[in-house]
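Coordinates in review
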Amino acid sequence: MRVPLPLRRDYRRWTGCPARGVLAAKTREDTMAETIRGADILVRALAQAGVRRVFSLSGNHIMPVYDALLGSGIGIIHTRHEAAAVHMADAWARLTGEIGVALVTGGQGHTNAVAALPTALAGEVPVLLLSGHAPLAELGLGAFQELEQARMAAPLCKHAATVSSAQALAGEVAAAIRIARSGRPGPVHLSLPTDVLDARVEAPALPGAEAFAPAAMPLSAESVAAIAAAIAAAERPVLIAPPALCTPQGHAALAALSARAGLSVLPMESPRGLGDPSLGAFAQVLAEADLLVLLGKPLDFTLRFGRAPAIPAAARFVVVEPDEEVLARAARGLGARLAVSAIAGATEAMAALAAEASPLLPHRNATWAQRLAHAVAFRPAAWDALAGAPEGPIQPATLCHALRPFLAAQPDTVLVSDGGEIGQWAQAMLSAPARVINGVAGAIGPGIPFAMAARVARPAARILAVMGDGTFGFHMAEFDTAHRHGLPFVAVVGNDARWNAEHQIQLREYGANRTHGCELAPGTRYDLAAAALGAHGEFVTRAEDLAPALERAFASGKPACVNVVIEGQPAPSVRLP
């Protein structure tokens, strides 16, 4: 519960108080046309950056910003939890290519919000988290909800600061957005003290558009030549791209590079790394590669740190990296296996290599590229038999087969897949023109906020989200947000009555007689909970009822929850026969 702040000294500026009626009196400061509030400067800076939406939960500290947003052209999507606001900003940025902006109050509002930052950080997503903050003049005196907010956020983002003055506000916003978008993209944070937001100053000149743009990190001509030579000399090269390029725009650019060069290009964004089921049997064939080109992709746990047997001990590496520390870490781990290294942004490096695409790959490598493509596309034939399996419990593969026609029905479709075992089945079996997943951080829960943001970003698209019953519990109240804002999507909940990923660990590591603490109530009616919040609900226990239930959900024109009781299965493991 948020305790109301005491009335500030400038309360006469506020109108609409029921006890006083509309207050027309203004202070002398308010009549000076050349002065504006810090909150107005903030909103003007956001507009200058091209911000169209702010994802927010209201609170005392940020009421001046809400007032300044009126008539600004920047819309507010008002959520039920601060972490949901950050997740929505995250998905918005991935799908639009714009900076995603979350606006929350200070204190506990801020602490709720920062919990979502690791997903954006590991996902390499440019997000600006704006948090209200106790007044600068009261810090150290026991101010309301006083916390060291910037220090709290700093380990979870690229940059965190408390705005120092109203005069500096626009410049600090521009610098934060530039940092978020530069090099390896990621979230940034600014705390906004209430006295900075309320302060009236002469209207400053806003930074130009270039101040908000990412700093260029080009790949030098010498590095391009060295990388091209390394690729041309290799027999079995593969290029691996980072989460920052796992966006609709990034996938299109990577596909163009792959087509022009005949080079196998694999984007990686899953916490399962080489075990990502959406990459099929890629890990099997990668064990034969002799050159890995990491185009902004960190050498980390997802690549088993480059170690054998996952990657051949004799394989060499090209590492193009925007972060000097990450490059140095790779150099220490690889030693003599590091063939070429360079500092550059992934987007700039991709463009530079595309310009040199024709001489990159000799014709002899075409067979290797085809083998890799076949491995990535491979799925076990046994899964096909589960498409028409009406008897017995619904298998995850049966559910995914039923979902396929609804993704293929429209060319502009967004697939949202949250974590957990059912999420891995969805990622293995379903595809769409645009996909948003929980990403390398591996935390579950953002699926519903992601789906809502997808609807805001793609008003005419079909939005399908697949998640488990554990995931559903994190942000089920956001069905109210979707209902209030008119954001229809379909969330399919694989209900196996457990935290299945952890249950599978217990089975694998400790045995069936030592499984405990991962159970959820069987048959819980998540569909009724969603319906109570204004959504359409469906409850499915038989495979033959899946298609009709999905048809009704999409036809409802409302946010919808299709609650499907499934047999809990481990995530798929794909291997070539």
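Quantities reported herein were computed from a predicted structural model and do not represent experimental measurements. (Residues numbered from 1 in each chain as written. Predicted model: local features only at pLDDT ≥ 70, side-chain atom pairs only at ≥ 80, totals over all residues. Heavy atoms only, no water.)

To continue, consider the overall build of the protein chain. Along its length, the protein chain carries 23 helices and 19 strands. For 577 residues, the compact-globule estimate of 2.2 N^0.38 gives 25 Å, and the protein chain sits close to it at 25 Å. For the protein chain, the C-alpha atoms occupy an extent of roughly 80 × 60 × 45 Å along the three principal directions. Taking all 577 residues of the protein chain together, 55% fall into the buried category. Within the protein chain, contacts between residues at least 6 apart in sequence are counted, and of these 77% link residues at least 24 apart. Looking at the protein chain as shown, the accessible area adds up to about 23,200 Å², and 56% of this sits on carbon and sulfur atoms. (Helix = DSSP H or I, 4+ residues; strand = E, 2+ residues; numbered from the N terminus. Rg over C-alpha atoms; globule rule 2.2 N^0.38 Å. Buried < 20%, exposed > 50% of the residue type's maximum accessible area, 1.4 Å probe, protein only. Contact = heavy atoms within 4.5 Å. Areas by Shrake-Rupley, 256 points an atom, 1.4 Å probe, with all protein chains shown as cover.)

It is worth spelling out helix α15 (residues 366–377) at this point. Counting along an α-helix, one turn takes 3.6 residues, and residues three or four places apart therefore face a common direction. Its 12 residues place the ends of α15 17 Å apart at the C-alpha level, agreeing with the 16 Å of an ideal helix rising 1.5 Å per residue. On the buried face of α15, the contacting elements are β9 (237–241), β10 (265–267) and α12 (282–286). (Expected span 1.5 Å × (residues − 1).)

Opposite charge on two side chains permits them to pair, given that their charged atoms come into close proximity. Counting across every chain of the model gives 19 salt bridges. Arg37 is paired through a salt bridge with Asp67; the nearest N and O atoms lie 2.8 Å apart. In this pair, Arg37 sits in strand β1 (residues 35–37) while Asp67 sits in helix α2 (residues 63–69), placing the two residues 30 residues apart along the sequence. The class for Asp67 is partly exposed, based on a relative accessible area of 32%. One salt bridge in this structure joins Arg542 and Glu544, with 3.4 Å as the shortest N-O distance. For Arg542, a relative accessible area of 43% puts it in the partly exposed group. The partly exposed category is assigned to Glu544, whose relative accessible area is 40%. (Salt bridge = Lys/Arg side-chain N within 4 Å of Asp/Glu carboxyl O.)

In contact at an axis separation of 10 Å, helix α16 (residues 396–408) and helix α23 (residues 546–555) are set at 45 degrees when each is read in the N-to-C sense. In terms of orientation, α16 lies oblique with respect to α23. When you trace α16 past α23, the crossing you get is right-handed. The segment α16 lies against α23, with Thr398, Leu399, Ala402, Leu403 and Phe406 engaging Leu546, Ala547, Leu550, Glu551 and Phe554. Across the contact of α16 with α23, the residue classes tally to 8 nonpolar, 1 polar and 1 charged. (Axes fitted to C-alpha atoms, helices over the stretch in contact; angles between N-to-C directions. Parallel < 35°, antiparallel > 145°, perpendicular 65-115°, else oblique. Left-handed = near helix turned anticlockwise from the far one by under 90°. Nonpolar A, V, L, I, M, F, W, Y, C, P; charged D, E, K, R; others polar.)

Time to look at the sheet that holds strand β6 (residues 159–162). One open sheet holds the 6 strands; their spatial order is β3-β2-β4-β5-β7-β6, and the pairing between them is parallel. Of all strands in the sheet, those with a lone pairing partner are β3 (75–78) and β6, marking the two edges. When the angles between neighbouring strand axes are averaged without regard to direction, this sheet yields 20 degrees. The sheet contact formed by strand β5 (residues 127–133) and strand β7 (residues 188–193) spans 6 bridges and is parallel. Bridged to Ser131 within β7 is Ser191. (Pairing = 2+ DSSP bridges.)

This part covers helix α10 (residues 221–233). With 13 residues, α10 should reach 18 Å at 1.5 Å per residue; the first-to-last C-alpha distance of 18 Å fits that figure. Within the span of α10, buried status applies to Ser223, Val224, Ile227, Ala228, Ala230 and Ile231. Projected down its long axis, α10 shows its buried positions confined to an angular sector of 160 degrees, all on one face. Turned more than 90 degrees off the buried face of α10, the exposed positions are Ala221, Glu222 and Ala233. Where the residues of α10 are buried, they touch β9, β11 (291–295), β12 (316–321), β13 (338–343) and α14 (346–355). (Arc of directions from axis to C-beta.)

What follows covers the confidence of the model for the protein chain. Summarising the model, the protein chain shows a mean pLDDT of 91, and 93% of its residues fall at 70 or more. For the stretch residues 1–32, pLDDT sits under 50, and the model shows 33 contacts to residues farther than four places along the chain or on other chains. (pLDDT = per-residue confidence, 0-100.)

Right, let's talk about the sheet that holds β13 for a bit. Sheet strands pair by backbone hydrogen bonding; their relative direction is either parallel or antiparallel. If you trace the 5 strands from one edge of the open sheet to the other, you get β10-β9-β11-β12-β13, paired in parallel fashion. Both outer strands of the open sheet, β10 and β13, are each paired with one neighbouring strand and no more. Each strand axis lies, on average, 15 degrees off the axis of its neighbour in the sheet, ignoring direction. Relative to β11, α14 is tilted by about 125 degrees, and along the sheet it contacts β9, β11 and β12.

Glancing now at the packing of aromatic side chains. Taken as a whole, this structure holds 7 aromatic pairs when the rule is applied. With a centroid separation of 6.3 Å and an interplanar angle of 85 degrees, the aromatic rings of Phe474 and Trp499 are classed as edge-to-face. In this pair, Phe474 sits in the loop between α19 (469–472) and α20 (478–485) while Trp499 sits in the loop between β17 (490–495) and α21 (500–510), placing the two residues 25 residues apart along the sequence. Residue class for Phe474 comes out partly exposed when judged on its relative accessible area of 45%. On the basis of relative accessibility, which here comes to 29%, the residue Trp499 falls in the partly exposed class. An aromatic cluster is built from Phe472, Phe479, Phe489 and Tyr526, whose rings are joined through pairwise contacts. Here the basic side chain of Arg525 rests over the ring of Phe539, its NZ or CZ set 4.2 Å away from the ring centre. (Phe/Tyr/Trp six-rings, centres within 6.5 Å; stacked < 30°, edge-to-face > 60°. Lys NZ or Arg CZ within 6 Å of the ring centre and 35° of its normal.)

Moving on, we come to the side chain of Glu538. Relative to the elements of secondary structure, Glu538 occurs in strand β18 (residues 536–540). In this view, Glu538 contacts Asp527, Ala549, Arg552, Cys561, Val562 and Asn563; residues no more than four positions away in its chain are not counted.

Let us now look at the packing of α16 against helix α17 (residues 420–429). Interaxial distance between α16 and α17 falls to 10 Å at its minimum, and their mutual angle equals 45 degrees. With respect to α17, the element α16 is oriented oblique. Once α16 is placed against α17, the crossing between them reads as right-handed. Taken together, the residues of α17 that come into contact with α16 (itself represented by Pro396, Ala397, Leu399, Cys400, His401 and Arg404) are Ile422, Trp425, Ala426 and Met429. Its residues assigned to classes, the contact of α16 with α17 shows 8 nonpolar, 1 polar and 1 charged.

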